[in-house]
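Given next are the chains, with one letter for each unit.
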Amino acid sequence: MTNPLFYAKIILFGEYGMIEDSQGLVVPYSFYKGTLKFSDLSSEFELNSNKHLQKYSDFLTTLDLSDDFKLDIDSFKNDISNGLFFDSNIPQGYGVGSSGALVAAIFEKYSISKLNPENISKENLKKLKAVFGEMESYFHGKSSGMDPLICYMNLPILIENKENLDRVSIPEGEEGKGAIFLIDSGMTGETGPMIQIFFEKMKTEGFRKTLKEEFIRYNNACIETFLKKDMNPFFRNLKKLSHWAYEHFRPMIPESIFNIWKKGLDSNAYYLKLCGSGGGGYILGFTQDYEKAEKMLDGFQKEVIYRF
(Lines give C-alpha, C1' and ligand atoms only; values in the text may rest on other atoms or scores of the structure.)
Protein backbone atom coordinates (compact mmCIF):
# COMPACT_ATOMS: atom_id res chain seq x y z
CA MET A 1 0.00 0.00 0.00
CA THR A 2 1.42 3.40 -0.95
CA ASN A 3 1.56 6.08 1.70
CA PRO A 4 -0.39 9.31 1.14
CA LEU A 5 1.24 12.40 -0.33
CA PHE A 6 1.70 15.51 1.78
CA TYR A 7 1.81 18.81 -0.02
CA ALA A 8 3.81 21.95 0.66
CA LYS A 9 2.11 24.98 2.20
CA ILE A 10 2.16 28.70 1.57
CA ILE A 11 1.42 31.37 4.18
CA LEU A 12 -0.46 33.91 2.07
CA PHE A 13 -0.85 36.26 5.04
CA GLY A 14 0.21 36.34 8.67
CA GLU A 15 3.94 35.62 8.67
CA TYR A 16 5.37 36.93 11.96
CA GLY A 17 2.06 38.65 12.77
CA MET A 18 0.57 35.32 13.90
CA ILE A 19 3.15 35.27 16.71
CA GLU A 20 1.47 38.46 17.96
CA ASP A 21 -2.13 37.34 17.43
CA SER A 22 -2.80 38.61 13.91
CA GLN A 23 -4.94 36.53 11.59
CA GLY A 24 -3.27 34.15 9.15
CA LEU A 25 -4.30 32.51 5.91
CA VAL A 26 -2.39 29.38 4.91
CA VAL A 27 -3.03 27.23 1.82
CA PRO A 28 -1.68 23.87 0.56
CA TYR A 29 0.51 23.98 -2.56
CA SER A 30 0.42 20.74 -4.52
CA PHE A 31 3.35 21.52 -6.85
CA TYR A 32 5.68 20.27 -4.10
CA LYS A 33 5.02 17.10 -2.11
CA GLY A 34 6.54 14.34 -0.05
CA THR A 35 5.71 10.80 1.07
CA LEU A 36 7.26 8.09 3.27
CA LYS A 37 8.75 5.19 1.27
CA PHE A 38 10.97 2.15 1.71
CA SER A 39 14.10 1.48 -0.32
CA ASP A 40 17.48 -0.27 -0.15
CA LEU A 41 18.94 3.22 0.50
CA SER A 42 21.31 2.93 -2.44
CA SER A 43 21.16 6.65 -3.27
CA GLU A 44 22.81 9.32 -1.14
CA PHE A 45 19.50 11.24 -0.84
CA GLU A 46 17.66 8.18 0.50
CA LEU A 47 20.46 7.27 2.91
CA ASN A 48 20.69 10.84 4.30
CA SER A 49 16.93 11.00 4.72
CA ASN A 50 16.96 7.67 6.59
CA LYS A 51 19.73 8.92 8.91
CA HIS A 52 17.74 12.11 9.62
CA LEU A 53 14.70 10.00 10.46
CA GLN A 54 16.80 7.98 12.94
CA LYS A 55 17.83 11.16 14.77
CA TYR A 56 14.29 12.52 14.63
CA SER A 57 12.82 9.29 16.05
CA ASP A 58 15.16 9.69 19.06
CA PHE A 59 13.81 13.21 19.59
CA LEU A 60 10.20 11.99 19.36
CA THR A 61 10.79 9.52 22.20
CA THR A 62 11.49 12.52 24.48
CA LEU A 63 8.08 14.12 23.86
CA ASP A 64 5.26 13.62 26.33
CA LEU A 65 2.25 13.70 23.98
CA SER A 66 -1.27 13.34 25.36
CA ASP A 67 -2.93 9.92 25.02
CA ASP A 68 -5.14 11.01 22.09
CA PHE A 69 -2.09 11.94 20.01
CA LYS A 70 0.49 9.32 21.00
CA LEU A 71 2.82 7.89 18.35
CA ASP A 72 3.95 4.29 17.86
CA ILE A 73 7.66 5.14 17.99
CA ASP A 74 8.71 1.45 18.07
CA SER A 75 7.04 0.84 14.69
CA PHE A 76 8.62 4.02 13.36
CA LYS A 77 12.11 2.94 14.50
CA ASN A 78 11.56 -0.56 13.12
CA ASP A 79 10.55 0.87 9.71
CA ILE A 80 13.61 3.15 9.72
CA SER A 81 15.85 0.10 10.24
CA ASN A 82 14.07 -1.48 7.24
CA GLY A 83 14.91 1.39 4.88
CA LEU A 84 12.24 4.05 5.49
CA PHE A 85 12.97 7.51 4.03
CA PHE A 86 11.02 10.66 3.15
CA ASP A 87 10.82 11.07 -0.62
CA SER A 88 10.20 14.77 -1.13
CA ASN A 89 10.73 17.46 -3.76
CA ILE A 90 9.79 20.25 -1.30
CA PRO A 91 12.78 22.62 -1.26
CA GLN A 92 14.30 23.20 2.18
CA GLY A 93 14.74 26.77 3.41
CA TYR A 94 12.21 28.13 0.92
CA GLY A 95 9.31 28.87 3.27
CA VAL A 96 6.98 26.25 1.81
CA GLY A 97 6.91 23.76 4.68
CA SER A 98 9.44 20.98 4.03
CA SER A 99 9.57 20.00 7.73
CA GLY A 100 5.79 20.45 8.04
CA ALA A 101 5.10 17.83 5.39
CA LEU A 102 7.50 15.36 7.06
CA VAL A 103 5.87 15.85 10.49
CA ALA A 104 2.39 15.43 8.98
CA ALA A 105 3.42 12.23 7.16
CA ILE A 106 4.91 10.69 10.32
CA PHE A 107 1.89 11.61 12.43
CA GLU A 108 -0.54 10.20 9.84
CA LYS A 109 1.33 6.88 9.63
CA TYR A 110 2.33 6.35 13.27
CA SER A 111 -0.38 7.98 15.40
CA ILE A 112 -2.04 5.29 17.52
CA SER A 113 -5.54 6.87 17.50
CA LYS A 114 -6.34 7.51 13.86
CA LEU A 115 -7.99 10.84 13.02
CA ASN A 116 -10.01 11.72 9.94
CA PRO A 117 -8.86 15.17 8.73
CA GLU A 118 -12.27 15.74 7.14
CA ASN A 119 -14.21 15.71 10.41
CA ILE A 120 -11.81 16.95 13.07
CA SER A 121 -13.63 19.28 15.47
CA LYS A 122 -12.45 22.86 15.89
CA GLU A 123 -11.31 21.96 19.43
CA ASN A 124 -9.23 19.00 18.19
CA LEU A 125 -7.73 21.16 15.44
CA LYS A 126 -6.37 23.41 18.18
CA LYS A 127 -4.96 20.43 20.14
CA LEU A 128 -3.47 18.92 16.99
CA LYS A 129 -1.76 22.22 16.15
CA ALA A 130 -0.13 22.18 19.62
CA VAL A 131 1.04 18.56 19.14
CA PHE A 132 2.48 19.43 15.73
CA GLY A 133 4.23 22.43 17.31
CA GLU A 134 6.01 20.08 19.73
CA MET A 135 6.90 17.65 16.94
CA GLU A 136 8.23 20.38 14.63
CA SER A 137 10.22 22.19 17.34
CA TYR A 138 13.05 19.74 16.52
CA PHE A 139 13.60 21.58 13.22
CA HIS A 140 13.19 25.26 14.17
CA GLY A 141 13.63 25.50 17.94
CA LYS A 142 10.08 26.87 18.30
CA SER A 143 7.10 26.07 16.11
CA SER A 144 3.46 27.16 16.04
CA GLY A 145 2.52 23.78 14.52
CA MET A 146 0.76 25.55 11.68
CA ASP A 147 2.88 24.17 8.82
CA PRO A 148 2.34 20.49 9.70
CA LEU A 149 -1.36 21.16 10.36
CA ILE A 150 -1.86 22.61 6.86
CA CYS A 151 0.11 19.74 5.30
CA TYR A 152 -1.92 17.20 7.30
CA MET A 153 -5.34 18.74 6.62
CA ASN A 154 -4.54 19.60 2.98
CA LEU A 155 -7.11 22.42 3.21
CA PRO A 156 -6.87 26.21 3.46
CA ILE A 157 -6.89 27.26 7.12
CA LEU A 158 -7.84 30.65 8.55
CA ILE A 159 -6.07 31.45 11.80
CA GLU A 160 -8.46 33.75 13.62
CA ASN A 161 -6.12 34.39 16.58
CA LYS A 162 -3.73 32.42 18.79
CA GLU A 163 -6.59 30.38 20.21
CA ASN A 164 -8.88 29.77 17.22
CA LEU A 165 -8.49 28.42 13.73
CA ASP A 166 -10.83 26.84 11.23
CA ARG A 167 -11.09 25.53 7.71
CA VAL A 168 -11.98 28.17 5.13
CA SER A 169 -12.90 28.29 1.44
CA ILE A 170 -10.80 30.53 -0.73
CA PRO A 171 -12.48 32.00 -3.84
CA GLU A 172 -12.31 29.77 -6.92
CA GLY A 173 -9.39 30.74 -9.14
CA GLU A 174 -10.20 31.79 -12.71
CA GLU A 175 -8.21 32.67 -15.81
CA GLY A 176 -8.12 36.44 -15.36
CA LYS A 177 -5.26 38.93 -15.79
CA GLY A 178 -4.40 38.93 -12.09
CA ALA A 179 -2.18 36.42 -10.30
CA ILE A 180 -0.52 35.42 -7.06
CA PHE A 181 2.94 34.07 -7.81
CA LEU A 182 6.20 32.94 -6.22
CA ILE A 183 9.58 34.48 -7.01
CA ASP A 184 12.73 32.46 -6.37
CA SER A 185 15.24 34.65 -4.49
CA GLY A 186 17.99 32.25 -5.55
CA MET A 187 19.12 31.52 -1.99
CA THR A 188 17.86 29.45 0.92
CA GLY A 189 16.76 31.01 4.19
CA GLU A 190 16.90 29.66 7.72
CA THR A 191 13.84 30.13 9.90
CA GLY A 192 15.62 30.18 13.29
CA PRO A 193 17.87 33.24 12.73
CA MET A 194 15.02 35.20 11.10
CA ILE A 195 12.70 34.57 14.05
CA GLN A 196 15.51 35.67 16.36
CA ILE A 197 15.79 38.99 14.46
CA PHE A 198 12.02 39.44 14.83
CA PHE A 199 12.11 38.89 18.60
CA GLU A 200 15.03 41.33 18.91
CA LYS A 201 12.93 43.94 17.08
CA MET A 202 9.99 43.19 19.39
CA LYS A 203 12.08 44.44 22.32
CA THR A 204 11.71 48.02 21.06
CA GLU A 205 8.45 49.74 21.89
CA GLY A 206 8.26 51.59 18.56
CA PHE A 207 8.37 48.36 16.57
CA ARG A 208 5.79 46.63 18.80
CA LYS A 209 3.48 49.63 18.39
CA THR A 210 3.72 49.78 14.57
CA LEU A 211 3.35 45.99 14.30
CA LYS A 212 0.11 46.04 16.31
CA GLU A 213 -1.34 49.27 14.91
CA GLU A 214 -0.31 48.99 11.25
CA PHE A 215 1.00 45.59 10.14
CA ILE A 216 -1.76 43.57 11.85
CA ARG A 217 -4.47 45.97 10.62
CA TYR A 218 -3.28 45.76 6.97
CA ASN A 219 -2.71 42.00 7.22
CA ASN A 220 -6.20 41.26 8.59
CA ALA A 221 -7.81 43.60 6.04
CA CYS A 222 -6.00 41.74 3.22
CA ILE A 223 -7.37 38.40 4.44
CA GLU A 224 -10.90 39.73 4.82
CA THR A 225 -11.03 41.37 1.38
CA PHE A 226 -9.29 38.44 -0.38
CA LEU A 227 -11.78 35.92 1.01
CA LYS A 228 -14.62 38.19 -0.18
CA LYS A 229 -12.84 38.60 -3.55
CA ASP A 230 -13.12 42.36 -3.09
CA MET A 231 -10.05 43.20 -5.15
CA ASN A 232 -9.85 47.01 -5.00
CA PRO A 233 -9.65 47.31 -1.19
CA PHE A 234 -7.54 44.13 -1.22
CA PHE A 235 -4.82 45.76 -3.34
CA ARG A 236 -5.04 49.04 -1.40
CA ASN A 237 -4.27 47.20 1.85
CA LEU A 238 -1.72 44.97 0.15
CA LYS A 239 0.29 48.01 -0.95
CA LYS A 240 0.33 49.29 2.65
CA LEU A 241 1.38 45.83 3.89
CA SER A 242 4.16 45.55 1.30
CA HIS A 243 5.42 49.05 2.09
CA TRP A 244 5.37 48.33 5.83
CA ALA A 245 7.42 45.16 5.32
CA TYR A 246 9.89 47.04 3.10
CA GLU A 247 10.43 49.52 5.93
CA HIS A 248 10.41 47.18 8.93
CA PHE A 249 11.32 43.66 7.72
CA ARG A 250 14.38 44.70 5.76
CA PRO A 251 16.73 42.10 7.34
CA MET A 252 14.29 39.37 6.24
CA ILE A 253 14.18 40.53 2.59
CA PRO A 254 16.88 38.78 0.50
CA GLU A 255 19.32 41.28 -1.08
CA SER A 256 18.47 40.04 -4.57
CA ILE A 257 14.86 41.16 -4.00
CA PHE A 258 15.33 44.70 -2.55
CA ASN A 259 15.24 46.57 -5.84
CA ILE A 260 12.31 44.73 -7.39
CA TRP A 261 10.34 45.07 -4.12
CA LYS A 262 10.74 48.87 -4.35
CA LYS A 263 10.04 48.82 -8.10
CA GLY A 264 6.67 47.16 -7.45
CA LEU A 265 5.71 49.77 -4.83
CA ASP A 266 6.79 52.67 -7.06
CA SER A 267 5.05 51.38 -10.21
CA ASN A 268 1.97 49.75 -8.58
CA ALA A 269 2.42 46.98 -11.17
CA TYR A 270 2.80 44.32 -8.46
CA TYR A 271 3.39 44.09 -4.70
CA LEU A 272 5.72 41.70 -2.87
CA LYS A 273 5.62 40.18 0.60
CA LEU A 274 7.53 37.54 2.56
CA CYS A 275 6.62 33.90 2.07
CA GLY A 276 7.23 32.43 5.52
CA SER A 277 10.11 33.79 7.57
CA GLY A 278 12.11 35.27 4.68
CA GLY A 279 15.90 35.50 4.55
CA GLY A 280 15.84 33.60 1.27
CA GLY A 281 13.64 31.06 -0.47
CA TYR A 282 10.46 32.27 -2.12
CA ILE A 283 8.91 35.71 -2.06
CA LEU A 284 5.18 36.13 -2.76
CA GLY A 285 3.99 38.44 -5.53
CA PHE A 286 0.50 39.82 -6.20
CA THR A 287 -0.55 41.62 -9.37
CA GLN A 288 -3.67 42.67 -11.26
CA ASP A 289 -1.79 42.31 -14.57
CA TYR A 290 0.55 39.32 -14.56
CA GLU A 291 1.79 39.87 -18.13
CA LYS A 292 3.04 43.34 -17.21
CA ALA A 293 4.56 42.17 -13.90
CA GLU A 294 6.27 39.23 -15.60
CA LYS A 295 8.05 41.55 -18.05
CA MET A 296 9.17 43.82 -15.20
CA LEU A 297 10.49 40.79 -13.28
CA ASP A 298 12.45 39.40 -16.20
CA GLY A 299 15.44 37.32 -15.06
CA PHE A 300 13.69 35.97 -11.95
CA GLN A 301 12.24 32.48 -11.81
CA LYS A 302 8.50 32.69 -11.14
CA GLU A 303 5.65 30.23 -10.48
CA VAL A 304 2.00 31.25 -10.67
CA ILE A 305 -0.01 29.70 -7.81
CA TYR A 306 -3.42 31.39 -8.26
CA ARG A 307 -5.18 33.32 -11.07
CA PHE A 308 -8.05 35.78 -10.76
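If you're wondering where the values come from, they're calculated on a predicted model, not measured in any experiment.

About the thresholds
- Residues numbered from 1 in each chain as written.
- Predicted model: local features only at pLDDT ≥ 70, side-chain atom pairs only at ≥ 80, totals over all residues.
- Heavy atoms only, no water.
- Buried < 20%, exposed > 50% of the residue type's maximum accessible area, 1.4 Å probe, protein only.
- Helix = DSSP H or I, 4+ residues; strand = E, 2+ residues; numbered from the N terminus.
- Pairing = 2+ DSSP bridges.
- Polar contact = N/O pair within 3.5 Å; in protein donor to acceptor, adjacent residues only side chain to side chain.
- Contact = heavy atoms within 4.5 Å.
- Disulfide = S-S within 2.5 Å.
- Axes fitted to C-alpha atoms, helices over the stretch in contact; angles between N-to-C directions.
- 1 Å grid on protein atoms, 1.4 Å probe; cavity = no way out; pocket = protein on both sides within 12 Å on 5 of 7 lines; lining within 4 Å.
- Points joined across faces, edges and corners; volume = space filled by probe spheres on them.
- Salt bridge = Lys/Arg side-chain N within 4 Å of Asp/Glu carboxyl O.
- Expected span 1.5 Å × (residues − 1).
- Core = buried A, V, L, I, M, F, W, Y, C linked by side-chain atoms within 4.5 Å.
- Bend = angle between axes of the 7 residues up to and from the residue.
- Phe/Tyr/Trp six-rings, centres within 6.5 Å; stacked < 30°, edge-to-face > 60°.
- Lys NZ or Arg CZ within 6 Å of the ring centre and 35° of its normal.

Caption draft 1: The arrangement of the pairing of strand β1 (residues 6-13) in detail. Across the 8 residues of β1, 7 count as buried, placing the element largely inside the fold. Two elements, β1 and strand β2 (residues 24-38), share 7 bridges in a ladder whose sense is antiparallel. By the bridge assignment, F6 is partnered in β2 with G34.

Caption draft 2: The arrangement of the side chain of S88 in detail. Tracing the chain through its elements places S88 in strand β3 (residues 84-88). Here the side chain of S88 touches I90 through a polar contact of 3.0 Å, landing on its backbone nitrogen. Sequence-distant contacts of S88, defined by excluding residues within four places in its chain, comprise K33, G34 and F45.

Caption draft 3: Just the state of the cysteines, in detail. Enumeration according to the criterion identifies 0 disulfides in this entry. Left unpaired, C151 is separated from the closest cysteine sulfur, that of C275, by 12 Å. Under the relative-accessibility criterion, C275 is labelled buried at 1%.

Caption draft 4: Structural detail: the sheet that holds strand β7 (residues 271-274). Strand order in this open sheet of 4 strands is β7-β8-β6-β9, and the pairing throughout is antiparallel. Because the sheet does not close on itself, it has two edges, and the strands there are β7 and β9 (302-307). For this sheet the average axis-to-axis angle between neighbouring strands, irrespective of direction, equals 25°. In this sheet, strand β8 (residues 282-287) lies alongside strand β6 (residues 179-184) in antiparallel orientation, the contact comprising 6 bridges. Looking at the pairing, I183 lines up with I283 of β8.

Caption draft 5: Region of the structure containing the layout of surface pockets. Considering only enclosed or pocket space, the second largest pocket measures out at about 220 Å³ in volume. V27, P28, Y29, I170 and I305 are, among the 13 residues lining the second largest pocket, the residues nearest its centre. At the level of elements, β1, β2 and β9 are the ones that each hand at least two residues to the lining of the second largest pocket. Among the elements that make up the lining of the second largest pocket, the one with the highest residue count is β2 (5 residues).

Caption draft 6: Fine view of the pattern of salt bridges. Summed over the entire model, instances satisfying the criterion amount to 14 salt bridges. Residue E20 pairs with K212 through a salt bridge whose shortest N-O separation is 3.2 Å. On the criterion of sequence distance, the pair formed by E20 in the loop between β1 and β2 and K212 in helix α7 (residues 205-228) is long-range, its members being 192 residues apart.

Caption draft 7: Representation of helix α1 (residues 44-61). Taking 1.5 Å per residue, 18 residues should reach 26 Å; α1 reaches 26 Å between its end C-alpha atoms and fits that length. If you check which residues of α1 are buried, you get E46, S49, N50, L53, Y56, S57, F59 and L60. Of the surrounding elements, those touching the buried residues of α1 are β2, α2 (73-81), β3, α3 (98-110) and α4 (122-140).

Caption draft 8: Seen up close, the nonpolar core. L60, I106, M135, F249 and W261 are the most contacted members of the largest nonpolar core, which has 100 residues in total. Discounting chain neighbours no more than four positions away, the residues touching M135 are Y56, F59, L60, L63, L71, V103, I106 and F107.

Caption draft 9: Up close: the side chain of T225. You can see T225 is positioned in helix α7. On the basis of relative accessibility, which here comes to 10%, the residue T225 falls in the buried class.

Caption draft 10: Broad picture of α4. Spanning 19 residues, α4 covers 26 Å between terminal C-alpha atoms, matching the ideal 27 Å at 1.5 Å per step. Considering bend angle alone, the principal kink of α4 is centred on E134 and spans about 35°. For α4, every residue scored as buried is listed here: L125, L128, K129, V131, F132, G133, M135 and E136. Positive backbone phi, at 85°, marks G141, one or two positions downstream of α4.

Caption draft 11: A look at the packing of aromatic side chains. Inspection of the entire model under this criterion finds 36 aromatic pairs. Taking 6.5 Å as the distance between ring centres and 90° as the angle between the ring planes, the aromatic pair formed by F45 and F85 counts as edge-to-face. Of this pair, F45 sits in helix α1 while F85 sits in strand β3; the two residues are 40 residues apart in sequence, bridging distant segments of the chain. With a relative accessible area of 45%, F45 lands in the partly exposed category. On the accessibility criterion, F85 (3% relative accessible area) is buried. Ring geometry for F226 versus Y306: centroids 5.6 Å apart, planes at 65°, classification edge-to-face. Taken as a pair, F226 in helix α7 and Y306 in strand β9 lie far apart in primary sequence, 80 residues in all. Under the relative-accessibility criterion, Y306 is labelled buried at 11%. In this structure an aromatic cluster arises from ring pairing among F13, F226, F234, F235, Y271, F286, Y306 and F308. Sitting above the plane of the Y246 ring, R250 keeps its charged end 4.2 Å from the centroid.

From the geometry alone we can't say anything about function, so treat these as descriptive.
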